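Here's the letter readout for the chains.
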Amino acid sequence: MNHSTHNAEDNQIVNIINGLTGLWNNRAMIHDGDPSLDIAFDMNKEDFKDNLLPFHTHPDWLAADVELRRKVLSYGWIIYNEKTIQIESKLITPVCDLIIDAELPGTQNDVIQHAISQALVDEAFHTLMAVKSVNIVYRERGLKRVKLPKFELIHRLDKMLGDCQTNDDKKLVRLAVACASETLITDYLGSLSKDDMLQPLCYKTVEAHAADEWSHSSVFSYTMAEIFSKLSEQQKSLYLGVLPKAVQAFGDDELDVWERVLEAIDFPKYKVIIEDCRARNRNAINVDIQGISKLLNSLGIDESNMRNIAA
């Protein structure tokens, strides 16, 4: 590829990102305000979907008291949002900071920094919504507060960072995990945002979050395309090698987290339930990897690489 062609492609990518920034004033949900302020809590509606629980088909779960199961569904909402909070604060925000500070190749560009700054504002708003909705459910349901352990995606990131040899490698690992998360989270959120049979607070909060993430998926994919074009072959290999690990960790069924919750509320036979799920290791929440396909395409990676990502 000659230099002039490469510059044309770079300009096209930056122009697309610039177009996305122009939509922010009308698109960003922060401009509509906190949805929890206008929604009454409905005590008669469930806070989470049964089929998103990693043990929803287990006979001891199905045999449990209905009210106890409803309590667990409320904790399901709390876990769902606590995971969102950890992703936003420990994964996405640090990478946004790296890009804004031009710490990554190809990010010394005001359009990219503008777009990522907008995304950072959105992520802070998502964290606010998640924190508030967790506290509302705790309060309205009168639930015991449970300190949750790290989620698998954060645990896996910490391990990969510990294995890095240089600070530049750490930045690329953070970038890969954040990009995977931003492209996967849309479908993760979509499973709740379209279900109006749930608690209005819950599905409306997720609906607002999901609306922003549709745009973020494009912003991060195109920003990554600009960064990727500036990486060495070794750096590209490191980045692409992290993606499958991030996908796997994102879709983890979080049994350590669920064990902490079920133990705290003294759920009958919780050890059997958790151990059976671990033994089967087939009940992880499915991950729709369509977003990763879009990310790879934006990087010019052949579609056949999806086999490696999905493995």
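Quick look at the structure, then. (Residues numbered from 1 in each chain as written. Predicted model: local features only at pLDDT ≥ 70, side-chain atom pairs only at ≥ 80, totals over all residues. Heavy atoms only, no water.)

### Examining the overall build of the protein chain
Selection rule: Think of it this way: any DSSP run of H or I at least four residues long counts as a helix, any run of E at least two long counts as a strand, and we number them from the N terminus. Each residue is assigned to one of three classes by its accessible area relative to the maximum for its type, calculated with a 1.4 Å probe on protein chains only: buried under 20%, partly exposed between the two thresholds, exposed over 50%. Two residues qualify as a contact provided that any one of their heavy atoms is within 4.5 Å of a heavy atom in the partner residue.
Secondary structure summary: the protein chain contains 13 helices and zero strands in total. Order of helices (α) and strands (β) in the protein chain, N terminus to C terminus: α-α-α-α-α-α-α-α-α-α-α-α-α. A buried classification covers 52% of the 311 residues belonging to the protein chain. Sequence-distant contacts, at least 24 apart, represent 80% of the contacts inside the protein chain between residues at least 6 apart.

### Regarding the nonpolar core
Using the following cut-off: For the purposes of this section, nonpolar cores are sets of buried Ala, Val, Leu, Ile, Met, Phe, Trp, Tyr and Cys residues that join through side-chain atoms within 4.5 Å.
Core analysis: the biggest nonpolar cluster contains 94 residues, and Phe55, Val72, Leu175, Met224, Tyr239 and Phe267 have the highest contact counts within it. Ranked by the residues each element gives to this core, the list is headed by helix α4 (residues 66–100), at 15 residues.

### Some remarks on the packing of α4 against helix α5 (residues 110–141)
The test is simple: Inter-axis angles, ranging from 0 to 180 degrees, are taken between N-to-C directions of lines fitted to C-alpha atoms, where helices are fitted over the stretch in contact. Oblique is the label for any angle not under 35 degrees, not over 145, and not in the 65 to 115 range, which are roughly parallel, roughly antiparallel and roughly perpendicular in turn. Take the far helix as the reference: if the near one is turned anticlockwise from it by less than a right angle, the crossing is left-handed, and if turned clockwise, right-handed. In the scheme used here, Gly and all other residues not listed as nonpolar or charged are polar, with Ala, Val, Leu, Ile, Met, Phe, Trp, Tyr, Cys and Pro taken as nonpolar and Asp, Glu, Lys and Arg as charged.
Viewed as axis vectors pointing N to C, α4 and α5 meet at an angle of 160°, and their least axial separation amounts to 9 Å. Classified by the angle their axes make, α4 and α5 are roughly antiparallel. Read as a crossing pair, α4 and α5 show a hand that is left-handed. Per-class residue counts for the contact of α4 with α5 are 16 nonpolar, eight polar and six charged.

### Describing the packing of aromatic side chains
Here is the rule: Ring geometry is summarised as follows: Phe, Tyr and Trp rings, the Trp one being its six-membered ring, pair when their centres sit within 6.5 Å, and such pairs are stacked at plane angles under 30 degrees, edge-to-face over 60 and tilted between the two.
Inspection of the entire model under this criterion finds seven aromatic pairs. For the ring pair phenylalanine 55 and tryptophan 61, a centre distance of 5.4 Å and an interplane angle of 65° mean the geometry is edge-to-face. Ring pairs connect the aromatic residues Phe55, Trp61, Trp258 and Phe267, which therefore count as one cluster.

### Digging into the pattern of salt bridges
Quick note on the threshold: Here, a salt bridge means any Lys or Arg side-chain nitrogen found within 4 Å of an Asp or Glu carboxyl oxygen.
Following the criterion strictly, the structure yields 19 salt bridges and no others. A salt bridge links arginine 278 to glutamate 259; its shortest N-O distance comes to 3.0 Å. Linking arginine 278 in helix α11 (residues 270–280) with glutamate 259 in helix α10 (residues 255–264), this pair joins segments that are 19 residues apart in sequence. Residue classification places glutamate 259 among the partly exposed positions, given a relative accessible area of 22%. One salt-bridge network, in which partners are shared between bridges, spans Asp256, Glu259, Glu275 and Arg278.

Fair warning: the whole summary comes from geometry, so function is off the table for now.
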